[in-house]
Amino acid sequence: DFMSLLDTDLVTFITTTCTRNEALKIITGKLVNNGFASEGVLKSAEKREDISTTAFKSIATPHCDPKYVLTPKISILIAPNGIEWGKEKVKVVYFIALNESIKNKLSTIYSYFNEVVHDEKIIQKLIKAESGTEVKQILGGEKVGNNESY
């Protein structure tokens, strides 16, 4: 499921402002360095973003050609000061690195992802988070329409 794709060491916090391509370089670099993606993932993601941006309000959901994904993961970059992403200024980037190996779980993953990704309360908590563990708790403990906190 969604939470099994999220490793706390794939959560990055940046306090400076940066560009879309710098953010993509940070995120894909972590995926490659941890052995979850192969070289080429950055170029693939940049190419995909050039075709059509994945930014929406304060979030972006870039992804790449599945052939560069060795192990499916979701990498998160949190930038409270914002990232210039096309016409948007995003604060949370979810890099979705998926491949054929989880094809049968995609609808469950996307269903959960769509629940949490646009929830403004969750976005605000993520921006204030201070660790990968805290980010995982926020994403795993909050469900839309549920007032319980983690």
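Source: prediction; values computed, not measured. (Residues numbered from 1 in each chain as written. Predicted model: local features only at pLDDT ≥ 70, side-chain atom pairs only at ≥ 80, totals over all residues. Heavy atoms only, no water.)

(A) Structural detail: the overall build of the chain. The helix and strand tally for the chain stands at five helices and six strands. Starting at the N terminus and ending at the C terminus, the chain contains elements arranged as β-β-α-α-β-β-β-β-α-α-α. Principal-axis analysis of the C-alpha atoms places the extent of the chain at approximately 40 × 35 × 25 Å. Counting only residues that meet the buried cut, the chain has 46% of its 150 residues in that class. Residue pairs at least 24 apart in sequence account for 67% of intrachain contacts in the chain once pairs closer than 6 positions are excluded. On the chain, roughly 7700 Å² of surface is accessible, and the fraction owed to carbon and sulfur atoms is 50%. With 19 positive and 19 negative side-chain charges, the chain shows a spacing of 3 Å between the two charge centroids. (Helix = DSSP H or I, 4+ residues; strand = E, 2+ residues; numbered from the N terminus. Buried < 20%, exposed > 50% of the residue type's maximum accessible area, 1.4 Å probe, protein only. Contact = heavy atoms within 4.5 Å. Areas by Shrake-Rupley, 256 points an atom, 1.4 Å probe, with all protein chains shown as cover. Lys, Arg positive; Asp, Glu negative; His and termini not counted. Charge placed at Lys NZ, Arg CZ, Asp CG, Glu CD.)

(B) Up close: the nonpolar core. Counting 27 residues, the largest nonpolar core has Phe2, Ile76, Val92, Tyr94, Leu126, Val135 and Leu139 as its most contacted members. Residue assignment for this core shows that the elements contributing at least two residues are β1 (6-13), β5 (73-85), β6 (88-97), α3 (106-117), α4 (120-128) and α5 (132-141). Looking at this core, the element that brings in the most residues is α3, giving five residues. Setting aside residues no more than four positions away along its own chain, Ile76 makes contact with Leu6, Leu10, Val11, Thr12, Val92, Val93, Tyr94, Val135 and Leu139. Of all hydrophobic cores here, the second largest spans 23 residues; its members include Leu31, Cys64, Val69 and Ile83. (Core = buried A, V, L, I, M, F, W, Y, C linked by side-chain atoms within 4.5 Å.)

(C) Representation of helix α1 (residues 20-33) within the structure. Its 14 residues place the ends of α1 20 Å apart at the C-alpha level, agreeing with the 20 Å of an ideal helix rising 1.5 Å per residue. Listing the buried residues of α1 in full gives Arg20, Ala23, Leu24, Ile27, Thr28 and Leu31. All buried residues of α1 project into a common sector of 115° when viewed along the axis, lining one side. α1 presents Lys25 and Asn33 as exposed residues on the side facing more than 90 degrees away from its buried surface. Against β1, β2 (18-19), α2 (41-51), β5 and β6 lie the buried residues of α1. Looking one or two residues past α1, Gly35 carries a phi angle of roughly 80°, positive in sign. (Expected span 1.5 Å × (residues − 1). Arc of directions from axis to C-beta.)

(D) Inspection of unusual backbone geometry at higher detail. With phi around 55°, Lys57 is a residue other than glycine that occupies positive phi space. Tracing the chain through its elements places Lys57 in the loop between β3 (55-56) and β4 (59-60).

(E) Structural context of the packing of aromatic side chains. Enumeration over the complete set of coordinates arrives at three aromatic pairs. Arranged with centres 5.2 Å apart and planes meeting at 40°, the rings of Phe2 and Tyr112 form a pair that is tilted. Here Phe2 is found in the segment before β1, whereas its partner Tyr112 is found in helix α3, with 110 residues between them in sequence. Here Phe2 and Tyr112 have matching classes, each one buried. Residue Phe2 is classed as buried on the basis of its relative accessible area, which comes to 1%. Three or more aromatic residues joined by ring pairs make a cluster, and in this case those are Phe2, Tyr94, Tyr112 and Phe113. A cation sits over an aromatic face here: Lys73 above Phe36, 4.9 Å from the ring centre. (Phe/Tyr/Trp six-rings, centres within 6.5 Å; stacked < 30°, edge-to-face > 60°. Lys NZ or Arg CZ within 6 Å of the ring centre and 35° of its normal.)

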